[in-house]
Amino acid sequence: MNRLLALVVVPFLAVGPVHAASPKVEAAIQAVSKIPADTAKFQGYCALLTELDAAGEEGPKVDEVQNKLSDFMQSMGPDVAAAWALYDELEPESEDGKALAAAFEALDEKCP
């Protein structure tokens, strides 16, 4: 019985809903995925994330670190700067917002 259930359910799980992100978001995702290739920039990004985590949830220190992170992302080149700006513009619950958020989450998970 379990094998039969697996044969029926597994193919449907593998397919799942597919939502294509807009071309603008796809370009942003590509830019984000290339960040780890530049070791110095990637380490700088990870250091700022660590600093942001240590700053807590809110307050002047959080604002300061968020501004440093924004400036850093702007310095990483026009494609990364555009991805960062787009991330702020998108609705978090939209398909595009979820897709770009997932790209940044994947990047964050690569930090030591």
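Cut-offs and rules
- Residues numbered from 1 in each chain as written.
- Predicted model: local features only at pLDDT ≥ 70, side-chain atom pairs only at ≥ 80, totals over all residues.
- Heavy atoms only, no water.
- Helix = DSSP H or I, 4+ residues; strand = E, 2+ residues; numbered from the N terminus.
- Expected span 1.5 Å × (residues − 1).
- Buried < 20%, exposed > 50% of the residue type's maximum accessible area, 1.4 Å probe, protein only.
- Arc of directions from axis to C-beta.
- Contact = heavy atoms within 4.5 Å.
- Phe/Tyr/Trp six-rings, centres within 6.5 Å; stacked < 30°, edge-to-face > 60°.
- Core = buried A, V, L, I, M, F, W, Y, C linked by side-chain atoms within 4.5 Å.

Between the first and last C-alpha of helix α6 (residues 95-110) there are 23 Å, a value that for 16 residues agrees with the 22 Å anticipated at 1.5 Å per step. Asp-96, Gly-97, Leu-100, Ala-101, Ala-103, Phe-104 and Leu-107 are the residues of α6 that are buried. Buried residues in α6, looked at end-on, bunch into an arc of 155 degrees, giving them a common side. The exposed residues of α6 that point more than 90 degrees off its buried face are Glu-109 and Lys-110. Buried residues belonging to α6 abut α2 (23-33), α3 (39-55), α4 (60-75) and α5 (78-89).

What follows covers the packing of aromatic side chains. For the structure shown, the criterion picks out three aromatic pairs. Between Trp-84 and Phe-104, the ring centres sit 5.5 Å apart and the planes meet at 75 degrees, which makes this aromatic pair edge-to-face. Remark: Phe-104 occurs in helix α6 and Trp-84 occurs in helix α5; sequence separation between them is 20 residues. Under the relative-accessibility criterion, Trp-84 is labelled buried at 11%. On the basis of an interplanar angle of 50 degrees and a centroid distance of 4.8 Å, the ring pair of Tyr-87 and Phe-104 is categorised as tilted. A residue pair is termed long-range when its members are at least 10 positions apart, and Tyr-87 in helix α5 and Phe-104 in helix α6 qualify at 17 residues.

Before going further, it helps to examine the environment of Glu-64. Looking at the element boundaries, Glu-64 is found in helix α4. On the basis of relative accessibility, which here comes to 41%, the residue Glu-64 falls in the partly exposed class. When the C-alpha atoms of Glu-64 and Leu-52 are compared, they prove to be 9.0 Å apart, with twelve residues separating the residues in sequence.

Right, let's talk about the nonpolar core for a bit. The biggest cluster of nonpolar side chains holds 29 residues, and the ones touching the most others in it are Tyr-45, Leu-69, Met-73, Leu-100 and Phe-104. Mapped by element, the contributors of at least two residues to this core are α2, α3, α4, α5 and α6. A total of seven residues in this core trace back to one element, the largest contributor, which is α3. Setting aside anything within four residues of it in sequence, one finds Met-73 in contact with Ile-35, Tyr-45, Val-80, Ala-81, Trp-84 and Phe-104.

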